[in-house]
Amino acid sequence: MARAVTQQRKIINTTAAWAIGLLIFFPILWTILTSFKTEATAIADPPVFLAFDWTLENYTAVMERSNYAKFLWNSIIIAGGSTILGIMIAVPAAWSMAFVPSRRTKDILLWMLSTKMLPAVGVLYPIYLICINYGLLDSRIALVVILMLMNLPIIVWMLYTYFKEIPGEILEAARMDGASLKEEILYVLTPMAIPGIASTLLLNFILAWNEAFWTLNLTAANAAPLTAFIASYSSPEGLFFAKLSAASTMAIAPILILGWFSQKQLVSGLTFGAVK
């Protein structure tokens, strides 16, 4: 029998969930609030939470100093391109491991995951030389490929987990009806795994969007994304916290909007599918 949940228990769980959520969100909230302060108020001691004179001068200064649209476009291309390319490679790989496994499949999965343990700085020098030799330094193509390869183990692992939950009998029925391998993946497997693929897309897009090590070391001006845009507000003269917070807020705003929109669409799709 299912354990009965009292109203008091529900209130406690809800309160605890909101408290943890607000605690995790607080650094982002503090950054947003700081972006509306003056530099003097931003470094005030004790810190000022809400009782300050709100201003937009930091956003004005950031927009006058930097070409925000260019950095934003570079981030969209790099994060979106690496994620889409990774999905195109990972779907067939995860399909083969989930439905046509060999005795080495688990070893391969563990080996792929172990590559994430290598510090990025350990391969910076050879990758830097490769980019110089092939004229790919400060190019979006190089970053798309590098970030795709860096996140590929995570994409394969996530898709493999989702694909394992799909009954193999459904794919066998599709083969008996004459479906080719391409049709089986595109028209049978992919529609059934849309929630998992959507979650994988969103997670890896965020990982690529937030990547700073490779973007700071392999870009200068042409392909610099928003992570380089934020880093430009750390200068030898010191940290300008208000302007840095404004730049950070402008960088995370698209991700917050994307996350909210994706969550709404995913919940709507799952609800529609359940009702249907």
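Here, residues in each chain are numbered from 1, in the same order as that chain's written sequence. In keeping with the model being predicted, local features are shown solely for residues with a pLDDT of at least 70 and side-chain atom pairs are shown and tallied solely at 80 or more, while totals for entire chains, interfaces and linings include all residues. Note that the side-chain values use all heavy atoms of the structure and ignore hydrogens as well as water.

(A) Broad picture of the packing of helix α4 (residues 68–99) against helix α9 (residues 181–192). Fitted lines through C-alpha atoms give the axes, limited to the stretch in contact for helices. The angle between two N-to-C directions lies from 0 to 180 degrees. In this description a helix means any DSSP run of H or I spanning at least four residues, a strand means any run of E spanning at least two, and both kinds are numbered starting from the N terminus. Taken N-terminus to C-terminus, the directions of α4 and α9 make an angle of 95°; their axes are 12 Å apart at the nearest point. Between α4 and α9, the interaxial angle falls into the category roughly perpendicular. Residues V91, W95 and F99 of α4 pack against L181, E184, I185 and L189 of α9. The residue makeup of the contact of α4 with α9, split by class, is six nonpolar, no polar and one charged. An angle counts as roughly parallel when it lies under 35 degrees, as roughly antiparallel when it exceeds 145, as roughly perpendicular when it falls between 65 and 115, and as oblique in every other case. Contacts: residue pairs with any heavy atoms within 4.5 Å of one another. Amino acids are sorted into nonpolar (Ala, Val, Leu, Ile, Met, Phe, Trp, Tyr, Cys and Pro), charged (Asp, Glu, Lys and Arg) and polar (every other residue, Gly among them).

(B) View of the pattern of salt bridges. Here, a salt bridge means any side-chain nitrogen of Lys or Arg that lies within 4 Å of a carboxyl oxygen of Asp or Glu. For the coordinates displayed, the defined rule picks out three salt bridges. E184 is the partner of R175 in a salt bridge, and the nearest nitrogen-oxygen pair spans 3.1 Å. Only protein chains enter the area calculation, which uses a 1.4 Å probe; residues under 20% of their type maximum are buried, those over 50% are exposed, and those in between are partly exposed. On the accessibility criterion, R175 (38% relative accessible area) is partly exposed.

(C) Seen up close, unusual backbone geometry. Following D45, the chain continues into P46 via a peptide bond in cis, with omega recorded as 5°. Phi angles above zero are rare outside glycine, and D138 is one such case at about 60°. Exposure remark for D138: the relative accessible area of 16% places this residue in the buried category.

(D) Just the nonpolar core, in detail. Grouping buried Ala, Val, Leu, Ile, Met, Phe, Trp, Tyr and Cys residues that are joined through side-chain atoms within 4.5 Å yields what is termed a nonpolar core. By size, the foremost hydrophobic cluster in this structure holds 30 residues, and its most contacted members are V62, W209, W214, L226, F229 and Y233. Of all the elements in the fold, those that place two or more residues in this core are α3 (57–65), α4, α6 (124–133), α7 (140–164), α10 (194–210), α11 (213–218), α12 (226–231) and α13 (241–275). Top element by residues in this core is α13. It accounts for six residues. Ignoring anything within four residues of it in the chain, the contact list for F229 reads V62, S66, Y68, F71 and A247. Counting residues in each nonpolar core, the second largest holds 25 residues, with A94, M97, M112 and L189 among its members.

(E) Just the confidence of the model for the protein, in detail. Think of pLDDT as the predictor's per-residue confidence, scored from 0 to 100. The share of residues in the protein with pLDDT of 70 or more is 90%, and the mean pLDDT across the chain is 84. Scored below 50 in pLDDT, residues 267–276 shows one contact in the model against residues more than four places distant or in partner chains.

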